[in-house]
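As a plain string of letters, each chain reads:
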Amino acid sequence: MEQLANTTNGHASVGVYICHCGTNIAGVVDVAAVAEYAATLPGVTVARDYKYMCSDPGQELIKQDIRELGLNRIVVAACSPHLHEKTFRTAAQNAGLNPYLVQMVNIREHDSWVHTDHAMATSKAKDLVRAAVRRVRLHTPLDRKRVAIHPDVVVVGGGIAGIHAALTMAEAGKHVYLIEREPTIGGHMAMFDKTFPTLDCAACILTPKMTAVKAHPNITLWTMSEVTQVDGYVGNFKVTVRHKPRYIIEDACIGCLECIAACVFKEGRTPDEFNMGLGKRKPVYIPFPQAVPQLVTIDPDTCIEFKTGKCKKTCVEVCAERKAIDFQQKETFDTVEAGSIIMATGFQIFDAKRVPYYGYGSYPNVYTALEVERLVNASGPTGGEVLLRNGRKPRTVGVVHCVGSRDVNTNRYCSRVCCMYSLKLAHLIKEHTDAEVYNCYIDMRTPGKSFEEFYCRIAEEGVNFIRGKVADIYPEDGGTGRLIMQVEDTLVNYIRKIPVDMVVLSVGLEARHDAHEVRRRFNLSCTNEGFFLERHPKLAPVSTFTDGIFLAGCCQGPKDIPDTVAQAGAAAAECLSLIDRQFVEMEPNTAVVNEDECSACRTCVPMCPYSAIGVREDTKKAWVNEALCKGCGTCVAACPSGSIRQNLFEDEEILEEIEGVLA
Ligand SMILES: Cc1cc2nc3c(=O)[nH]c(=O)nc-3n(C[C@H](O)[C@H](O)[C@H](O)COP(=O)(O)OP(=O)(O)OC[C@H]3O[C@@H](n4cnc5c(N)ncnc54)[C@H](O)[C@@H]3O)c2cc1C
């Protein structure tokens, strides 16, 4: 470490600190030469290089120099400001200096990591440091603003992710609004019979949590509801929720289900959504016996009273005492305030019709995995019997892995759960039918606790495994009703044509069809595939780029139930840590409108991606809501009259930096 002194120029007294970052920077850049050069720059009082500036001793050097040498500006040349800008600002602040009088220079990602020529890299580091020294001299002290946080939380989506997050928050004493668009909570998990790898009963572990949600005094559960508008910002969201009519007065209905029995339809005629259309339901129905809330719903599209107005209304007759049925119900709206939001809107399965050569929708005995989940379920349409469409039990069943996953024509990504649920279904089908089962897979992916052991167990049970992608499925000649599953067995290099009675397509997990609409409403980013984007894949996996909004479960990407629950717990913990702080500090790098110069043209208003610009009612001039502004600079660039400036990115600062680089 070397210390070099220089004279100060009147006002600015700059300290420059060059980090070695071990050999990350020092292996390419001559850090001592850069420090020596920096010491000669106008305004620089001291320049040092040190092995790890971010370490405690490194920070201590800066603090000591501020106190002892009276430094009033700091430049740190190290890694990306994403990683350590906060570290060095805090160090400066602890030594009594305004934290915004610190400027970082990225000589790692922008220099040593991308250049091999040591002399050139050193020269570039000197240029960047010179530019920062010239810029930092123009910095002015800025203050962070504190905004109080509303303690309530909104959780959107009532699958296992939303349920777990809501219960965790409620147990910690926070009030939660759990908003679910369907008549019941439970999501996909409520449709399963057993769950891998333990094969425990899904309902037995899920329904106690569903009941706990309904019973919890800190949870307001709104089913048949969706968020229509989100205003505000971290700590102070205003969420507008639309409640669709259930045509049942929730406080009056006791879930006796007598109205279902009394309905003039003797049998259900409408394909039952919860059973994937494999069963039928009546116009007045409850999705499944353990639904929460335990309330019936009337479907206006199929109810005779809604269609003709001429029904005998036997449902109303049996409910005469409680008067819970209300055909006049209209949709209603509520607006709630919340400090943070957890998104848990889950996934949808891949539409198997998009792979036409597997014959889903054409051959009656080709099923999706989710349909088979309902067939093996005791509360499913067949009472737990796995039956072909003609009512017979299948004797041979083919399970096709990776339908709509790991395929350049559909989705390139692996859906993570299909290998495991295919093994589970192979086991359950064998258990229910004693059929010969053939699982055709590309690669068997079982990376989870007890997953590989589960695979071995299923193999020992006698399930046949064929390594190869199924190329075609077609009817067997001779009208046998069977199907031929054609697959290249890549382990023996042989094309197999396997006659099967039934095919199960292990469909992948996709973002919901309305994910883009929802993400726009909540101001979230998403991946190319439509899953909501986390702030950082490793370091902030449940946060989003919108402060105060967190992600849980499959809306962020395909995952199994253990990972979903873990992520929901993490999202709840992030929310709690935010709320319990009681306030948020806003970074001051926001745009500021000079209202005297603003021409009220409103060009900036639609340009702002964060809806942070408003127009004053009286003067019609623009103003920036600092709590919403993320400092992206779009409005500054767009303003025709140049009346918007941005803290920390003032024109003079940027121009001085450019001139410094070019000098
Ligand atoms: C066939 C199959 C079998 C599986 N078997 C297993 C297994 O055995 N073990 C295992 O660990 N994993 C299994 N999985 C994976 C498991 O389904 C997921 O890990 C889990 O369901 C993810 O839960 P979630 O809450 O994120 O999403 P979901 O279960 O999809 O729940 C999301 C909820 O949000 C609601 N919602 C959506 N959009 C909105 C909106 N805009 N407003 C309000 N509400 C909304 C939905 O109605 C739904 O209730 C299986 C998956 C499939 C496809």
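Note that the structure is predicted; figures quoted are calculated from it, not measured.

Caption draft 1: Representation of the packing of helix α2 (residues 56-69) against helix α3 (residues 81-94) in the model. Where α2 contacts α3, the axes come no closer than 9 Å and their chain directions differ by 35 degrees. Here α2 and α3 pass one another in a crossing that is right-handed. On α3, the residues touching Gln59, Ile62, Lys63 and Ile66 of α2 are Thr87, Phe88, Ala91, Ala92 and Asn94. Its residues assigned to classes, the contact of α2 with α3 comprises 5 nonpolar, 3 polar and 1 charged.

Caption draft 2: Main features of the packing of helix α6 (residues 160-171) against helix α7 (residues 202-215). The geometry of α6 relative to α7 is characterised by a closest axis approach of 10 Å and an angle of 50 degrees between their N-to-C directions. Taken as axis vectors, α6 and α7 run oblique relative to one another. At the point where α6 passes α7, the crossing takes the left-handed sense. Where α6 abuts α7, its residues Ile160, Ile163, Ala166 and Leu167 lie against Leu206, Lys209, Met210, Ala212 and Val213. Looking at the contact of α6 with α7, its residues break down into 8 nonpolar, no polar and 1 charged.

Caption draft 3: Structural context of the domain arrangement of the protein. Per the domain assignment, the segments making up the protein are domain 1 (3-136), domain 2 (145-244 + 331-347 + 513-583), domain 3 (258-318), domain 4 (349-510) and domain 5 (591-647). Relative placement of domain 2 and domain 3: their C-alpha centres are 29 Å apart. Across the contact, 13 residues belong to domain 2 and 8 residues belong to domain 3. Top element by residues in the side of domain 2 that touches domain 3 is α7. It accounts for 6 residues. Residue composition of the side of domain 2 that touches domain 3, by class: 8 nonpolar, 4 polar and 1 charged.

Caption draft 4: Fine view of the sheet that holds strand β22 (residues 396-403). Strand order in this open sheet of 5 strands is β21-β28-β22-β23-β24, and the pairing throughout is parallel. Each of the sheet's edge strands pairs with one partner strand only, and the pair in question is β21 (366-368) and β24 (464-467). For this sheet, the mean inter-axis angle between neighbouring strands, taken without regard to orientation, is 20 degrees. Bridge count between β22 and strand β28 (residues 502-507): 5 bridges; the pairing is parallel. Bridge assignment links valine 397 to a residue of β28, and that residue is methionine 502. The strands touched by helix α12 (residues 418-433) within the sheet are β22, β23 (436-441) and β28, with β22 carrying the most contacts at an inclination of about 170 degrees.

Caption draft 5: Main features of the environment of cysteine 402. Position of cysteine 402 relative to the elements: it lies in strand β22. We classify cysteine 402 as buried; it has 25 C-beta atoms within 10 Å. Put simply, cysteine 402 and serine 422 are 20 residues apart on the chain and 9.7 Å apart in space, counted from C-alpha to C-alpha. Beyond its immediate sequence surroundings of up to four residues, cysteine 402 is in contact with Asp407, Cys418, Ile442, Lys469 and Ser506.

Caption draft 6: Looking closely at the pairing of strand β31 (residues 583-586). Residues Val584 and Met586 line the buried face of β31, whereas the alternating positions Phe583 and Glu585 sit on a face that is not buried. The sheet contact formed by strand β6 (residues 145-148) and β31 spans 4 bridges and is antiparallel. The residue bridging arginine 146 from the neighbouring strand is glutamate 585, located in β31.

Caption draft 7: Quick look at the site of the ligand. Around the ligand sit 39 residues in total, of which Gly157, Gly159, Gly187, Gly346 and Gly553 are the nearest. Secondary-structure elements contributing two or more residues to the shell around the ligand are α6, α11 (369-375), α12 and α15 (561-581). Taken domain by domain, the makeup of the shell around the ligand includes at least three residues from each of domain 2 (145-244 + 331-347 + 513-583) and domain 4 (349-510).

Caption draft 8: Molecular detail of unusual backbone geometry. The omega angle of the peptide bond from phenylalanine 196 to proline 197 is -10 degrees, so this bond is cis rather than trans. Assignment of secondary structure puts proline 197 in the loop between β9 (194-195) and β10 (200-201). Omega for the bond connecting valine 292 with proline 293 falls within 30 degrees of zero, at 5 degrees, which places this linkage in the cis form. In this structure, proline 293 sits in the loop between β16 (284-285) and β17 (297-298).

Analysis parameters
- Residues numbered from 1 in each chain as written.
- Predicted model: local features only at pLDDT ≥ 70, side-chain atom pairs only at ≥ 80, totals over all residues.
- Axes fitted to C-alpha atoms, helices over the stretch in contact; angles between N-to-C directions.
- Helix = DSSP H or I, 4+ residues; strand = E, 2+ residues; numbered from the N terminus.
- Left-handed = near helix turned anticlockwise from the far one by under 90°.
- Contact = placed C-beta atoms within 7 Å.
- Nonpolar A, V, L, I, M, F, W, Y, C, P; charged D, E, K, R; others polar.
- Parallel < 35°, antiparallel > 145°, perpendicular 65-115°, else oblique.
- Domains from an automatic or database assignment.
- Pairing = 2+ DSSP bridges.
- Buried ≥ 20, exposed ≤ 12 C-beta atoms within 10 Å, placed from the backbone.
- Near = placed C-beta within 6 Å.

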